[in-house]
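These are the residues of each chain, in order.
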Amino acid sequence: MKVYLSVDMEGVTGLTDPEEMHAGERGYDRGCELMTADANAAVEGAYAGGASGVLVNDAHGSTKNLRIDLLDPRATLIRGPGKAQRMAHGLDGTFQAAAFVGYHARAGVPHGVLNHTWMGKEIQNVYLNGEPCGETRLVAACAGFHGVPVVMVTGDEAVGEEARELLGDVETVAVKNGIGKFSAELLAPVVAQRLIREGMQRALDRLNEFTPYAVAPPYTLGVEWNSTAIAAAVSLVPGVKSAGPRHTEFTTDDFTQIMALFGIFASIGGQVACGSGPYG
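Rules and cut-offs
- Residues numbered from 1 in each chain as written.
- Predicted model: local features only at pLDDT ≥ 70, side-chain atom pairs only at ≥ 80, totals over all residues.
- Heavy atoms only, no water.
- pLDDT = per-residue confidence, 0-100.
- Helix = DSSP H or I, 4+ residues; strand = E, 2+ residues; numbered from the N terminus.
- Buried < 20%, exposed > 50% of the residue type's maximum accessible area, 1.4 Å probe, protein only.
- Pairing = 2+ DSSP bridges.
- Axes fitted to C-alpha atoms, helices over the stretch in contact; angles between N-to-C directions.
- Contact = heavy atoms within 4.5 Å.
- Salt bridge = Lys/Arg side-chain N within 4 Å of Asp/Glu carboxyl O.
- Left-handed = near helix turned anticlockwise from the far one by under 90°.
- Nonpolar A, V, L, I, M, F, W, Y, C, P; charged D, E, K, R; others polar.
- Phe/Tyr/Trp six-rings, centres within 6.5 Å; stacked < 30°, edge-to-face > 60°.

In the predicted model, the chain carries a mean pLDDT of 96, and the fraction of residues at 70 or more is 98%. The weakest mean pLDDT in the chain belongs to helix α6 (residues 255-275) at 88; the strongest belongs to strand β4 (residues 97-103) at 99.

Dropping the structure here:
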């Protein structure tokens, strides 16, 4: 049984500060250690639940955050930028289960710790086939496109609520409970990682209860940007159309194109925002 882990950082045990998410900032090195420890807990639970192999994808920011020297040696790691499928890179129909570790609530959720969707400031909202879409829904839909069920989501309580609303009786592990965007009540790492390990094992023990999250094609990705300049720039990408002053849309029958396009969007949006000064 092959298990796929997509590991983000905002929902990792103990982390609440944006500086902890970025290389060179205060607390980042410790954040990477905590991120790796949460991933290891999921790996341990997967093997306890009967996994024959586990692939871990570093799905946060630079995608160079997980500590390979601290990673459970039974797992393999996808690391580094330029991955066509980004947060879902390496995921295909050969896997029997997928799990999301360290995930966070979509943009606009008041009690979601570090809530956002894909980009921290440049994106107001994302829609998939007209419905609000966070990263949990986006990557679950990609897994469903490949016929793979999502069996566990870990992060704060808000992302757990989002996951259960979306995926039904999925295993969720809340390692913190949000007070605001930058504050939370935290579990100690030893407690949180035990819960992740146990949750992953429980999920695989009842694997036959899960079905892939299916979104019917065609897939329309709508993005509401915070800037007309970014919207205008990304609408120049072939296949992307303007749907309003700050809104773009893209439609395809191939969900892998949605994931790849988000990588292009991040590059363009980040460049325009960084180069446009205070009015970007």
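Okay, back to it.
By the criterion of burial, helix α2 (residues 135-145) is predominantly enclosed, with 10 of the 11 residues buried. Buried within α2 are the following residues: Glu-135, Thr-136, Arg-137, Leu-138, Val-139, Ala-140, Ala-141, Cys-142, Ala-143 and Gly-144. Residue Gly-147 follows α2 closely and has a positive phi angle near 80°.

Read from one edge of the open sheet, 7 strands run β3-β2-β1-β4-β7-β8-β9, paired in mixed fashion. Of all the strands in the sheet, the pair left with one neighbour each is β3 (75-78) and β9 (183-186). Pairs of neighbouring strands in the sheet enclose a mean axial angle of 25°, with direction left out of account. Alignment of β4 against strand β7 (residues 150-156), held across 4 bridges, turns out to be parallel. When the sheet's bridge partners are listed, Phe-100 is paired in β7 with Val-153.

Right, let's talk about the sheet that holds strand β11 (residues 241-244) for a bit. The strand order β6-β5-β10-β12-β11 describes an open sheet built from 5 strands, whose pairing is antiparallel. With partners counted over all chains shown, the strands left at the sheet margins are β6 (131-132) and β11, one partner each.

With 7 of 7 residues buried, strand β10 (residues 219-225) lies mostly within the body of the structure. One ladder, built from 5 bridges, connects strand β5 (residues 123-128) with β10; its direction is antiparallel. Bridging from a neighbouring strand, Ile-123 pairs with Trp-225 of β10. Direction of pairing for β10 relative to strand β12 (residues 247-252): antiparallel, over a ladder of 6 bridges. Within the sheet, the bridge partner assigned to Tyr-219 lies in β12 and is Thr-252.

With that settled, the discussion passes to the environment of Phe-145. Take Phe-145: it is sitting in helix α2. Residues Phe-145 and Leu-186, 41 residues apart in the sequence, show an inter-C-alpha distance of 34 Å. If we ignore the near neighbours within four places in the chain, the residues touching Phe-145 are Tyr-219, Asp-253, Asp-254, Phe-255 and Thr-256.

Once that is clear, we can look at the pattern of salt bridges. Taken as a whole and judged by the stated rule, the model has 15 salt bridges. Between Arg-137 and Glu-131 there is a salt bridge, with the nearest N and O atoms lying 3.2 Å from each other. With its nearest N and O atoms 3.2 Å apart, the salt bridge here joins Glu-171 to Arg-206. Note that Glu-171 is positioned in strand β8 (residues 171-180) and Arg-206 in the loop between α4 (189-205) and β10, a separation of 35 residues in sequence.

Now for the packing of helix α1 (residues 28-48) against α4. Interaxial distance between α1 and α4 falls to 7 Å at its minimum, and their mutual angle equals 35°. Note that α1 runs across α4; the crossing there is right-handed. From α1, Leu-34, Ala-37, Asp-38, Ala-41, Ala-42, Glu-44, Gly-45, Ala-46 and Ala-48 reach across to α4, where they touch Pro-189, Gln-193, Ile-196, Arg-197, Met-200, Gln-201 and Leu-204. Here the contact of α1 with α4 is composed, by residue class, of 10 nonpolar, 3 polar and 3 charged.

So, about the packing of aromatic side chains. Counted under the stated rule, the structure contains 7 aromatic pairs. Ring plane angle 75° and centroid distance 5.6 Å describe the contact between Tyr-4 and Phe-95, whose orientation is recorded as edge-to-face. Of this pair, Tyr-4 sits in strand β1 (residues 2-7) while Phe-95 is found in the loop between β3 and β4, placing the two residues 91 residues apart along the sequence. The class of Tyr-4 is buried, set by a relative accessible area of 0%. Here the aromatic rings of Trp-225 and Phe-265 are separated by 5.5 Å at their centres, their planes lie at 75°, and the arrangement is edge-to-face. With Trp-225 in strand β10 and Phe-265 in helix α6, the pair connects residues that are 40 residues apart, well separated along the chain.

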